[in-house]
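Next come the chains, spelled out residue by residue.
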2 protein chains.
Amino acid sequence: MNAPDKTWNTLQADRRARLERTGAVLGRDLDGKAVPSGRVQDLLHSVLACGDRVCLEGNNQKQADFLAAALAGLDPSRINNLHMLQSVLALPEHLDVFERGVASRLDFSFSGPQAGRVAKLASAGKLNIGAIHTYLELFSRYFIDLPPRVSLVAAEAADRNGNLYTGANTEDTPAIVEATAFKNGIVIVQVNRIMDTLPRVDIPGDWVDYVVQSPKPYYIEPLFTRDPALISEIQVLMAMMAIKGIYAEYGVERLNHGIGFDTAAIELLLPTYATDLGLKGKIGRHWALNPHPALIPAIESGFVESVYSFGSELGMEDYIRARPDVFAVGPDGSMRSNRALCQAAGHYACDMFIGSTLQIDLQGNSSTAVVGRIAGFGGAPNMGADARGRRHASPAWLKAGAEARGERNTIPRGQKLVVQMVETFREHMQPAFVERLDAWELAEQAGFEIPPVMIYGDDVTHILTEEGIANLLLCRSAEEREQAIRGVAGYTPVGLGRDRRMVENLRDRGVIKRAEDLGIDKRLATRDLLAAKNMKDLVRASHGMYEPPKRFRNW
Amino acid sequence: MNAPDKTWNTLQADRRARLERTGAVLGRDLDGKAVPSGRVQDLLHSVLACGDRVCLEGNNQKQADFLAAALAGLDPSRINNLHMLQSVLALPEHLDVFERGVASRLDFSFSGPQAGRVAKLASAGKLNIGAIHTYLELFSRYFIDLPPRVSLVAAEAADRNGNLYTGANTEDTPAIVEATAFKNGIVIVQVNRIMDTLPRVDIPGDWVDYVVQSPKPYYIEPLFTRDPALISEIQVLMAMMAIKGIYAEYGVERLNHGIGFDTAAIELLLPTYATDLGLKGKIGRHWALNPHPALIPAIESGFVESVYSFGSELGMEDYIRARPDVFAVGPDGSMRSNRALCQAAGHYACDMFIGSTLQIDLQGNSSTAVVGRIAGFGGAPNMGADARGRRHASPAWLKAGAEARGERNTIPRGQKLVVQMVETFREHMQPAFVERLDAWELAEQAGFEIPPVMIYGDDVTHILTEEGIANLLLCRSAEEREQAIRGVAGYTPVGLGRDRRMVENLRDRGVIKRAEDLGIDKRLATRDLLAAKNMKDLVRASHGMYEPPKRFRNW
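Quantities reported herein were computed from a predicted structural model and do not represent experimental measurements.

Procedures and definitions
- Residues numbered from 1 in each chain as written.
- Chains lettered and ligands numbered in written order.
- Predicted model: local features only at pLDDT ≥ 70, side-chain atom pairs only at ≥ 80, totals over all residues.
- Heavy atoms only, no water.
- Helix = DSSP H or I, 4+ residues; strand = E, 2+ residues; numbered from the N terminus.
- Buried < 20%, exposed > 50% of the residue type's maximum accessible area, 1.4 Å probe, protein only.
- Contact = heavy atoms within 4.5 Å.
- Polar contact = N/O pair within 3.5 Å; in protein donor to acceptor, adjacent residues only side chain to side chain.
- Least-squares fit on C-alpha atoms with pLDDT ≥ 70 in both.
- Lys, Arg positive; Asp, Glu negative; His and termini not counted.
- Salt bridge = Lys/Arg side-chain N within 4 Å of Asp/Glu carboxyl O.
- Pairing = 2+ DSSP bridges.
- Buried area = accessible area lost by both parts, 1.4 Å probe.
- Nonpolar A, V, L, I, M, F, W, Y, C, P; charged D, E, K, R; others polar.
- Core = buried A, V, L, I, M, F, W, Y, C linked by side-chain atoms within 4.5 Å.
- Axes fitted to C-alpha atoms, helices over the stretch in contact; angles between N-to-C directions.
- Parallel < 35°, antiparallel > 145°, perpendicular 65-115°, else oblique.
- Domains from an automatic or database assignment.

Caption draft 1: Expanded view of the environment of B:Asp227. Residues and elements named next belong to chain B. Within the secondary structure layout, Asp227 lies in the loop between β11 (219-220) and α8 (233-250). Looking at Asp227, the relative accessible area reads 12%, which means it is buried. Sequence separation between Asp227 and Leu19 is 208 residues, and the spatial gap between their C-alpha atoms is 48 Å. Once residues within four sequence positions are removed from consideration, Asp227 is found in contact with Phe261, Asn534 and Met535. A polar atom in the side chain of Asp227 sits 2.8 Å from the backbone nitrogen of Ala229.

In structure tokens form, the structure reads like this:
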């Protein structure tokens, strides 16, 4: 029955062999765990083996760009067929690795800017996609069936013992390093500085094998910065409807906002419109959210009590440091983020997720997938799903659950509010409402098992457009649901295909609510309501502590 | 609009004041961050304030018992009305804190051994329950709306700078410490030893304020040890049905097992029955599971490829150290567990959860809640729920999803397998199937908003009893579902109330499968199939490396 000849420490032995090999190659250039940046390719050539599962820290924001470039520059005759694990593919180097034949397989979460190239390389047979994941799901697999053999990550600073200071932009680093270090993998870190004493230790040196000081600081994308100057009056109107028709209606105290101008408009209306409605202290108290600059006025007005973050946001460092009651700031005064824990917090400890999408079908399924682009969804499917393992109650959660169940003979339970907020037409007059998602065609093209849906219709509780709010919780049949969606789909073909009588009936029942049903005077929906009208206003609101990246400065 | 007089650093200032106060009280007794054990109550009296939110590390296994006793012994005229955050209430001291008036409010996850006393103290008005959570849900709230002001945790060893070695029993510690340290809270750790050099650092000293060497090692409960001698032949039969009718049927490669003899029987049949069926390498390859001793034979036979754990298990230390390819072992050779990450892994990276319960109703809702005992569910509701934020496919997940959707006009998706495995009658001839869960009555008694359900019926995919397997995925109406459940409920009143014709029809359609339908010869369901028949066999299978706690040794 037993396997008598089985070796039980292949990973340990392999790890030891790699470290010895690398020690021999680098020789005296190794200073503790510090490797000179000029020898990074020697490090990678000696530490890696063909076919390795390699986790490269490409995040939503922070990028291990120096290591990514080094990896892309390896000799494919020596190192090839790597299996890349990566939450975000953001940089050209992330795809060069495949183009050059160093890597051949990919498991990932999101590839926004590189989605077109992912599709091209995949159809050219140079990139074999394992699966597209949500963030927490991908991290989870690092611990179960996809442990990284070698991880390449980024930190702010390290000491020569490999202790890391990740600072505010911690993001994915702890999850990646933990999964690798505790499966006898090898952890290599690019750092902006090697210091004798770190401001604080975020990751113990015992978990880290090599640190390399990068010639320039790691690249970081200010992904969550939205210039208030670009918010339209339609978006102001939608934000008013969201606040009055959903936030106030359910008393949403803990929440997560998706990325985009629609939710930025809501953030900028909290100190003005929401405060005038007497909602301060009643809604939007606790957030699972990156430090959105658009949230500054709401923080300054005392509307927001706490913010816990997945990552940080460029330019917000000094402001965060001055607001330690609000952000997750350590004893040293700088923030720590943690994408894995914040995804859990967004899923389990928040009553609502609200975000945008590109397409919604007649069942309420939504997707940002577009033909010719293999993009993935990051964290939205996790946050935008009912947390069925949640058991603590809150008024918002109970009310949503009660509405969904109505008089039906099911055991009472709560439900998460999941709101999709879209204008009926997006850029280039593309309708946001469609009979069939592009995801179907993409799935066929790319050979996916099932169409890539971002948020499934049965998790969506409300759809909000400039035409009104459809409360899907109150729909009692697939037909009602379809008409409720058509009823807010405006002049799109889906909207024009509505059954007018049924839509009016749904409106009478409060399933559909127009601005006027909510007592909102559309004429008041002007940009004057925004607590900040441009980037300069945000800087001013922060008392000069927010320093927007250059591209957002036009003064 | 702004709040000009607002102070933004109350937490930092409060933290500083507490540390100064404590420094003054402890004076020269403080050696770095080390506090003499004799001064632990002085430490707590000075560092705590009335009404504090205090997270006490009561885990499933590891207990900060020395700090718990010190807390319970505080002077309630000085320290009172604490709000306790605790994943598990396991020790009498955990309730003494309320009995003595030191604490008055509680948010928690599980209280197995203390559930009766929780109920009594609650009805006496001495303990005000905020909510009952699942583990990951409770940790999530630590980062959003319930940040601990002071945390009392346990580790294996510390150095004088507060660096912690948690070793194999890491469990909740990293999540608690991270939430506290990065909200300017105070972290106090009881350790078994203070050392100059730690085997490895698990938690950086910068996150820790005080360490106290406990007079004796922290208490740890061997919660996942099941003596194979107590496994019945009914359980062997059920395990055979599980393996052939579910594991093999769906090709379940990644999974989590609940606690108990039912699943221990499955673990012990992998090297025998499952191997004979040719299932090695096809099922049960990757596990989110504590190091169950009952899994040793399956590990030794090469059936199990990897195990990632929430916590460790007493007596398994040497065995784990000798099997580093299987467990999550660090560069130092000892395991690291992590309950938060393993809960995520169990939810997102596993295709199946299988566990037991006390009661199942006609909709398939299950609960272990019993009148007079307020117990909670720990991790089961999280693991035993469809992971709606999952997007990667596997054959098991796709097949379950396809069965659930059938020909219906919904977008295709996968689904998690959630199996409830019960004998139709449990101890004292209590039926496992009921018309109405006791949870309803408990909710009324305890004033809960909704009945405490462990796993909701719409997440359950299969119910397995000695009478057969009901595949709820294939049911097409509430009535079919009810009859499928009745059809495996044996001689319980629920089982006797079945519509015989409908049940036979469900059997013809393969919705219900009896042992004989699966080609299982019941006469072969004997204890001879168990790869280990008693504790000594487990020790033998481990080559003497597993050292069972004394209470499990009868030789």
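Caption draft 2: Summary view of the relation of the copies chain B and chain A. With an RMSD of 0.0 Å, the operation that places chain B on chain A is a rotation of 180 degrees combined with a shift of 0.0 Å along the axis. Such a combination of turn and shift is consistent with a two-fold rotation axis. Ranked by how close their C-alpha atoms come to the rotation axis, the residues of chain B are headed by B:Pro204, at 3.0 Å. The overlap is high: 100% of the interface residues of chain B also sit at the interface in chain A, so the same surface is used on both sides.

Caption draft 3: Spatial organisation of helix α3 (residues 65-72) of chain B. Of all eight residues in α3(B), seven are buried, a share of seventy percent or more. All of the buried residues along α3(B) are B:Asp65, B:Phe66, B:Leu67, B:Ala68, B:Ala70, B:Leu71 and B:Ala72.

Caption draft 4: Seen up close, the side chain of A:Arg481. Residues and elements named next belong to chain A. Inspection of the secondary structure puts Arg481 in helix α16 (residues 478-486). There is no salt bridge for the buried Arg481, and the closest opposite charge comes from Asp458, which lies 6.1 Å off by N-O distance. Dropping the residues within four chain positions of it, Arg481 is found in contact with Gln363, Gly457, Asp458, Val460, Leu472 and Cys475.

Caption draft 5: Geometry of the sheet that holds strand β14 (residues 306-308) of chain B. Reading across from one edge, β14-β13-β12-β15-β18-β21-β22-β23 (chain B) is the order of the eight strands in this open sheet, with mixed pairing throughout. With partners counted over all chains shown, the strands left at the sheet margins are β14 and β23 (512-513) of chain B, one partner each.

Caption draft 6: Fine view of the pattern of salt bridges. With the rule as written, the count across this model stands at 84 salt bridges over all chains. Among the salt bridges present, the one from A:Lys62 reaches A:Glu57, with a minimum N-O distance of 3.9 Å. Residue A:Lys62 is classed as buried on the basis of its relative accessible area, which comes to 0%. The buried category is assigned to A:Glu57, whose relative accessible area is 0%. A salt bridge links B:Asp52 to B:Arg18, with the nearest nitrogen and oxygen atoms 2.6 Å apart. Highlighted residues: B:Asp52 in the loop between α2 (40-47) and β2 (53-56) and B:Arg18 in helix α1 (residues 10-26), separated in sequence by 34 residues. By relative accessible area, which is 6% here, B:Asp52 ends up buried. Judged by relative accessible area, which is 4%, B:Arg18 ranks as buried. Three or more residues joined by partner-sharing salt bridges are found here, namely A:Asp107, A:Arg141, A:Asp145, B:Arg254, B:Asp351 and B:Arg390.

Caption draft 7: Main features of the interface of chain B and chain A. On the side of chain A, 101 residues touch chain B, which itself brings 101 residues to the contact. It is B:Trp8, B:Ile144 and B:Arg391 in chain B that bury the most area against chain A; as a group they hold 11% of the surface buried on that side. Scanning the region where chain B abuts chain A turns up 10 salt bridges. Here A:Arg413 ties to B:Asp458 by a salt bridge, and the two come within 3.0 Å at their closest N and O atoms. Across the chain B-chain A interface, the total number found is 48 residue pairs in polar contact (both at pLDDT 80 or more). The leading source of residues in the side of chain B that touches chain A is helix α12 (residues 339-348) of chain B, at six residues. Split by residue class, the side of chain B that touches chain A holds 50 nonpolar, 27 polar and 24 charged.

Caption draft 8: Representation of unusual backbone geometry in the model. All names here are of chain B. For His428, which is not a glycine, the phi torsion comes out positive at approximately 55 degrees. Assessed through its relative accessible area of 71%, His428 is described here as exposed. At His543, a residue that is not glycine, the phi angle is positive and equals roughly 60 degrees. Note on placement: His543 falls in the segment after α19 (535-541).

Caption draft 9: Up close: the nonpolar core. Grouped together as the largest cluster of nonpolar side chains are 138 residues, with contacts concentrated most on A:Phe433 and B:Phe433. Apart from the residues lying within four places of it in its own chain, the contact partners of A:Phe433 are A:Ile360, A:Val422, A:Thr424, A:Ile463, A:Thr465, A:Ile485, A:Val488, A:Ala489, A:Thr492 and A:Val494.

Caption draft 10: Summary view of the packing of α16(A) against helix α18 (residues 500-508) of chain A. Residues and elements named next belong to chain A. Orientation of α16 relative to α18, taken along the N-to-C sense of each, is 90 degrees, at an axis distance of 9 Å. Comparing their axes, α18 and α16 come out roughly perpendicular. From α16, Glu479, Glu480, Gln483 and Ala484 reach across to α18, where they touch Met502, Val503 and Leu506. Residues that form the contact of α16 with α18 fall into these classes: four nonpolar, one polar and two charged.

Caption draft 11: Focus on the domain arrangement of chain A. All names here are of chain A. Each domain of chain A was delimited in the assignment, giving domain 1 (15-220) and domain 2 (228-536). Facing 34 residues of domain 1, the contacting portion of domain 2 comprises 28 residues. For the pairing of domain 1 and domain 2, the buried interface totals around 2300 Å² over both sides, and the portion due to carbon and sulfur atoms is 56%. Ranking the residues of domain 1 by area buried against domain 2 places Leu136, Ala168 and Arg200 at the top, with a combined share of 22%.

Caption draft 12: Region of interest: the pairing of strand β15 (residues 352-355) of chain B. Residue and element names in this part refer to chain B. With burial as the criterion, each face of β15 is covered, one bearing Met352 and Ile354 and the other bearing Phe353 and Gly355. Sheet topology note: the strand β12 (residues 254-257)/β15 ladder contains three bridges and is parallel. Residue pairing across strands places Leu255 opposite Met352, the latter belonging to β15. Here four bridges tie β15 to strand β18 (residues 417-421), and the two strands are oriented parallel to one another. Directly across from Met352, in β18, lies its bridge partner Leu417.

Caption draft 13: The arrangement of the sheet that holds strand β21 (residues 462-465) of chain A in detail. All names here are of chain A. Pairing in this open sheet of eight strands is mixed, and the strands run β14-β13-β12-β15-β18-β21-β22-β23 from one edge to the other. For this open sheet the edge positions go to β14 (306-308) and β23 (512-513), each flanked by a neighbour on one side alone. In this structure, strand β18 (residues 417-421) lies alongside β21, joined through three bridges in parallel fashion. Across the sheet, residue Val419 finds its bridge partner in β21, namely His462.

Caption draft 14: Quick look at the environment of B:Arg540. Residues and elements named next belong to chain B. Note on placement: Arg540 falls in helix α19. Through-space distance from the C-alpha of Arg540 to that of Pro297 is 9.4 Å; in sequence the pair is 243 residues apart. Among the polar contacts listed, one links the side chain of Arg540 to the side chain of Asp537, at a separation of 2.8 Å.

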